[in-house]
2 protein chains.
Amino acid sequence: MKEKVTVVKVGGKIVEEEASLAKLLDDFATIEGYKVLVHGGGRSATKIAALLGIESQMVNGRRITDKETLKVVTMVYGGLVNKSIVAGLQARGVNALGLTGADMDVIRSAKRPVKEVDYGYVGDVKKVGGDCLSTLIQANIVPIMAPLTHDGNGNILNTNADTIAGETAKALAAHFDVKLVFCFEKNGVLRDENDDDSVISSINPEEFKQYVASNIIQGGMIPKLENSFDAISAGVGEVVITSSTDVCGLGGTHVRK
Amino acid sequence: MKEKVTVVKVGGKIVEEEASLAKLLDDFATIEGYKVLVHGGGRSATKIAALLGIESQMVNGRRITDKETLKVVTMVYGGLVNKSIVAGLQARGVNALGLTGADMDVIRSAKRPVKEVDYGYVGDVKKVGGDCLSTLIQANIVPIMAPLTHDGNGNILNTNADTIAGETAKALAAHFDVKLVFCFEKNGVLRDENDDDSVISSINPEEFKQYVASNIIQGGMIPKLENSFDAISAGVGEVVITSSTDVCGLGGTHVRK
């Protein structure tokens, strides 16, 4: 039987405010067994960029990453946010190691081709070093992954944190029984977006299609769920979409085959 | 017989300009066998801090690191500079891993006590995880160390890169035959600071005392040499002070017992 690993993805807001970050790190430290944390940092990037006189341009919720913006996200995601988390977890007895995709070549990506939109220095994941990550994890090291990858030609690329979490979970599925927990600002996938208690506790692809057809599930939740079904199909044992206060993925929406 | 490891320290300027960084990475990639790179980044930190409206205060060549400055150096050293080097080395076939002292707890430090000067969030190195670094190195991973450490209580601390290089070399001496190469803007320790060809090719503590007494060696070169003698006494096999174009430490000043 494979050993268990929990991959937790947390969004920007929770890791960017001192009090909520402390609570998150307390919670994450209590997860038993092997674990991985994938973080965002978009709000800080937008703030620092603004202070540096760089305007943040978003298209479909994704950041247009020109050369100057790439420097900002490399600083903020790879430096400020990542190292705050690493130091905070070390203080809680978790042997954290901050990683971008460039470190030990753990995530190789390709610059997104220019179609209707030129996203700039944005990477689509090509390969995750599952063996390398697995070796670290089995040595009781806890990877803390920033939403940055590299193209193998010396370029860092800005990469969506949900995608990094999903692809990492899939790559680890060859080595571990993987639980993937997407934490965000809602309690899960909601039947009624104005009612935080209307969590859909379980969903499969058939139900998903029906919810989308009836406009109950829409917007950014669609790629999040597609990502989740994709992970399940690729061997991830369990995917949960839940609130940032539930890093263990006990509540929220459980995504099923 | 112990295997050899080369620990190279490079200053800020060379890693902060695209052309000189590319040359440095080319040179570093050619170093045979196990290796470690320790980098600075002060000029970029000063520049970014200025853009963010934070004034850089230096005392005795050391940066006064208040809370906002700490954020800047964490971004610049741990993110921008470190990850540019890591991605650039991966493109050259070097399996680089960027580290601050917080990552895997490799360098624990204590906040410098306030005496005549309050340096703020500046750390004095207490413990280097030589076993952990040694395990990485023997797995053919090349640590790229930013001048940041942590106190074990969740705080990142700004730490002098020369000190990190020296302490890392000393910690590795238990596992390897260590060569420590300090690269900087001069060709080595000079007899005449206006003559780049006046390199003192070899120096021991006795000669050092004489050079200091006769004012031939002065200023920032004194702690650099004291650091070097300290490393040699602690078991480091060879210390070289040389130019940034000589990362292998073939020329320059060889520091002897």
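This text gives an overview of the structure that appears in the document. (Residues numbered from 1 in each chain as written. Chains lettered and ligands numbered in written order. Predicted model: local features only at pLDDT ≥ 70, side-chain atom pairs only at ≥ 80, totals over all residues.)

1. With respect to the overall build of chain A
Part 1 of the argument: When helices and strands are counted, chain A shows eight helices and 14 strands.
Part 2 of the argument: Over its C-alpha trace chain A gives a radius of gyration of 17 Å, about what one expects of a compact globule, namely 18 Å for 257 residues.
Part 3 of the argument: The dimensions of chain A, computed from C-alpha atoms along their principal axes, are 45 × 45 × 35 Å.
Part 4 of the argument: Considering chain A as a whole, with its 257 residues, one finds that 53% of them fall into the buried category.
Part 5 of the argument: The contacts of chain A with a sequence gap of at least 6 include a subset with a gap of at least 24, amounting to 72%. (Helix = DSSP H or I, 4+ residues; strand = E, 2+ residues; numbered from the N terminus. Rg over C-alpha atoms; globule rule 2.2 N^0.38 Å. Buried ≥ 20, exposed ≤ 12 C-beta atoms within 10 Å, placed from the backbone. Contact = placed C-beta atoms within 7 Å.)

2. Some thoughts on the interface of chain B and chain A
Part 1 of the argument: Counting residues at the interface gives 31 residues for chain B and 31 residues for chain A.
Part 2 of the argument: For the side of chain B that touches chain A, the secondary-structure elements that each account for two or more residues are helix H4 (67–90), strand E5 (96–99) and strand E9 (148–150) of chain B.
Part 3 of the argument: In terms of residue count, H4(B) provides more of the side of chain B that touches chain A than any other element does, 12 residues in total.
Part 4 of the argument: Residues of the side of chain B that touches chain A, tallied by class, amount to 14 nonpolar, 13 polar and four charged. (Nonpolar A, V, L, I, M, F, W, Y, C, P; charged D, E, K, R; others polar.)

3. A few points about the packing of helix H6 (residues 161–172) of chain A against helix H8 (residues 221–233) of chain A
All names here are of chain A.
Part 1 of the argument: At a closest axis distance of 9 Å, the pairing of H6 and H8 adopts a crossing angle of 10 degrees. Taken together, the axes of H6 and H8 lie roughly parallel to each other. Contact with H6, carried on its side by Asp162, Gly166, Ala169 and Lys170, involves Lys224, Asn227, Asp230 and Ala231 of H8 and no other residues of that element.
Part 2 of the argument: Residue classes in the contact of H6 with H8 are distributed as two nonpolar, two polar and four charged. (Axes fitted to C-alpha atoms, helices over the stretch in contact; angles between N-to-C directions. Parallel < 35°, antiparallel > 145°, perpendicular 65-115°, else oblique.)

4. Details of the relation of the copies chain B and chain A
Part 1 of the argument: Structural alignment of chain B on chain A gives an RMSD of 0.0 Å, achieved by rotating through 180 degrees and translating 0.0 Å along the axis. A rotation of that kind, with that shift, is consistent with a two-fold axis.
Part 2 of the argument: In this assembly, 100% of the residues forming the interface of chain B have copies in chain A that are likewise at the interface, indicating an isologous arrangement. (Least-squares fit on C-alpha atoms with pLDDT ≥ 70 in both.)

5. Quick notes on the sheet that holds E5(B)
Residue and element names in this part refer to chain B.
Part 1 of the argument: The strand order across the open sheet built from eight strands is E5-E8-E2-E1-E11-E13-E14-E12, with neighbouring strands paired in mixed fashion. Every interior strand has two partners, whereas the edge strands, E5 and strand E12 (202–203), have only one.
Part 2 of the argument: Bridge count for strand E13 (residues 238–243) against strand E14 (residues 253–255) is three bridges, and the pairing is antiparallel. For Ile241, the partnering residue across the bridge sits in E14 and is Thr253.
Part 3 of the argument: Packed onto the sheet, helix H6 (residues 161–172) meets strand E1 (4–10), strand E2 (34–39), strand E8 (142–145) and strand E11 (177–184) and runs at close to 175 degrees relative to E1. (Pairing = 2+ DSSP bridges.)

6. Observations concerning H6(A)
Part 1 of the argument: Look at H6(A): 16 Å from first C-alpha to last across 12 residues, which is about the 16 Å you get at 1.5 Å a residue.
Part 2 of the argument: Listing the buried residues of H6(A) in full gives A:Ala161, A:Asp162, A:Thr163, A:Ile164, A:Ala165, A:Gly166, A:Glu167, A:Thr168, A:Ala169, A:Lys170, A:Ala171 and A:Leu172. (Expected span 1.5 Å × (residues − 1).)

7. Some points on the nonpolar core
Part 1 of the argument: Ranked by size, the top nonpolar core spans 162 residues in total, and within it A:Val7, A:Val76, A:Leu180, B:Val7, B:Val76 and B:Leu180 carry the most contacts.
Part 2 of the argument: Aside from chain neighbours lying at most four places away, what touches B:Leu180 is B:Val7, B:Ala165, B:Ala169, B:Ala231, B:Val236 and B:Val239. (Core = buried A, V, L, I, M, F, W, Y, C linked by C-beta atoms within 7 Å.)

8. Focus: the sheet that holds strand E12 (residues 202–203) of chain A
Residues and elements named next belong to chain A.
Part 1 of the argument: The strand order across the open sheet formed by eight strands is E5-E8-E2-E1-E11-E13-E14-E12, and the pairing between neighbours is mixed. Pairing within the sheet leaves two strands with one partner each, and these edge strands are strand E5 (96–99) and E12.
Part 2 of the argument: By the bridge criterion, six bridges tie strand E1 (residues 4–10) to strand E11 (residues 177–184) in an arrangement that is parallel. Note on E11: the bridge partner recorded for Thr6 is Lys179.
Part 3 of the argument: Each of strand E2 (34–39), E5 and strand E8 (142–145) touches helix H4 (residues 67–90); the most contacted strand, E5, lies at about 170 degrees to it.

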